[in-house]
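Here is how the chains run, residue by residue.
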Amino acid sequence: MFAALLVSLAVQAASATVPPSPSDPIEADWRTIPDDELLVMTLSGNRTVVIRLATPYAPEHVANVRRLALAHWWDGTSVYRVQDNWVTQWGDETEKKPLPMGIAARPAAEYDIAAGFRAAQRMTVSDAYSGVSGITADGWAVAGSKPGVGPVADASPGWLAHCYGTVGVARDASPDTGTGSELFMPIGGSARRLDRNYTIVGRVIEGASLLSGLPRSDAPMGMYATAAERLPITSVRLASDMPAAGRPRYQYRAADNPRFAALIATRENPKPPTIGLGGADVCDVPIATRRAP
């Protein structure tokens, strides 16, 4: 007992003397996510998935998503597709459920960011899917067509990157056929080839494992073959549409500071004995969120 106490005290003393890392955020780095940019999806068994909506980057599609949530359209639908190393998809598996009034039936294909490539921090090395990539000040992984001049922005096309946890709009063959009623989340590392081909409307900030950990389907395209395999969706609500006392509140870690730059540097050049390659994929950068204290 005494020996265990000494060990515990020694561990506490050691942890107390560890200096903060240059990549650790400070309190000022945490910014509030507005209530109307939080989508709360409740799955059967009272399991919760929270999605941060990408309002500035896909405004037409996000407007549709908000209208669908306010109409409670997703209530009683399901997670009906889980394709290994690809995506988990949800909505109306029949694709016949009428959409509520006010939904734009054919919103523009919001693949590119209207303002062009904007990043508070850039990755050192480009990748196979872009000429430049980085993290926006408000915490989104972005890519661009070519390296620009200057550390922050240029006029070249830019788009959100399909990383694990992002939420995309499923569609038919035509680029303008996705309303936002059918959504998917990449659960594998190969989704970057969807960049500039599918609209991203958000990112799962809590509960991603509930979607990525589901049984895979061996049916074509990963569609569940029977109703028993599908995971029922109890409700989907905007946090702003929930009672104030019960709303979840979140903050994101801003990237427009030297601490986030240091975080990227640790990913691109890890300390030995880990071997680094002098660069990293933008999807390897942890984009943190937290419950508001």
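Criteria and thresholds
Per chain, residue numbering runs from 1 following the sequence as it is written. Only residues with pLDDT of at least 70 get local features here, since the model is predicted, and only at 80 or more are side-chain atom pairs given and counted; chain-wide, interface and lining totals rely on the full set of residues. Heavy atoms throughout the structure, all of them, feed into the side-chain values; hydrogens and water do not. Here the rule is simple: two strands pair whenever DSSP picks up at least two bridges between them. Secondary structure counts use DSSP, requiring at least four H or I residues in a row for a helix and at least two E residues in a row for a strand, with both numbered from the N terminus. For helices, the fitted axis covers only the stretch in contact; all axes are lines through C-alpha atoms, and the angles between them, taken along N-to-C directions, range from 0 to 180 degrees. Any Phe, Tyr or Trp ring, taking Trp's six-membered ring, that has another such ring centre within 6.5 Å forms a pair; planes under 30 degrees apart are called stacked, those over 60 apart edge-to-face, and the others tilted. Think of it in three bands: with a 1.4 Å probe and only protein chains considered, a residue is buried below 20% of the maximum accessible area for its type, exposed above 50%, and partly exposed in between.

Student: Where do I start with the sheet that holds strand E3 (residues 47–53) in this structure?
Tutor: Note on sheets: strands pair through backbone hydrogen bonds, and any given pair is parallel or antiparallel. Read around the barrel, eight strands follow the order E2-E3-E12-E10-E11-E5-E4-E13 and close on themselves; strand pairing throughout is antiparallel. Each strand axis lies, on average, 35° off the axis of its neighbour in the sheet, ignoring direction. Sheet topology places strand E10 (residues 166–169) next to strand E12 (residues 200–206); three bridges connect them, and they run antiparallel. The partner of Thr166 across the bridge, within E12, is Arg203.

Student: What is the right way to look at the sheet that holds strand E8 (residues 141–144) in this model?
Tutor: Across the sheet, which stays open at both edges, the four strands sit in the order E6-E7-E8-E9 with antiparallel pairing between neighbours. Looking at the sheet topology across the chains shown, the edges are occupied by strand E6 (121–122) and strand E9 (158–160). In this structure, E8 lies alongside E9, joined through three bridges in antiparallel fashion. Following the sheet pairing, Ala143 is matched in E9 by Trp159.

Student: What is the right way to read the packing of aromatic side chains from this model?
Tutor: The geometry of an aromatic ring pair is captured by two quantities: the separation of the ring centres and the angle between the planes. Counted under the stated rule, the structure contains three aromatic pairs. Taking 6.1 Å as the distance between ring centres and 80° as the angle between the ring planes, the aromatic pair formed by Trp73 and Trp74 counts as edge-to-face. Of the two residues, Trp73 and Trp74, neither departs from the other in class, the shared state being buried. Here Phe184 and Tyr198 contribute two aromatic rings whose centre-to-centre distance is 5.9 Å and whose plane-to-plane angle is 85°, an arrangement assigned as edge-to-face. Highlighted residues: Phe184 in strand E11 (residues 183–186) and Tyr198 in the loop between E11 and E12, separated in sequence by 14 residues. Relative accessible area serves as the criterion here: at 23%, Tyr198 is assigned to the partly exposed category.

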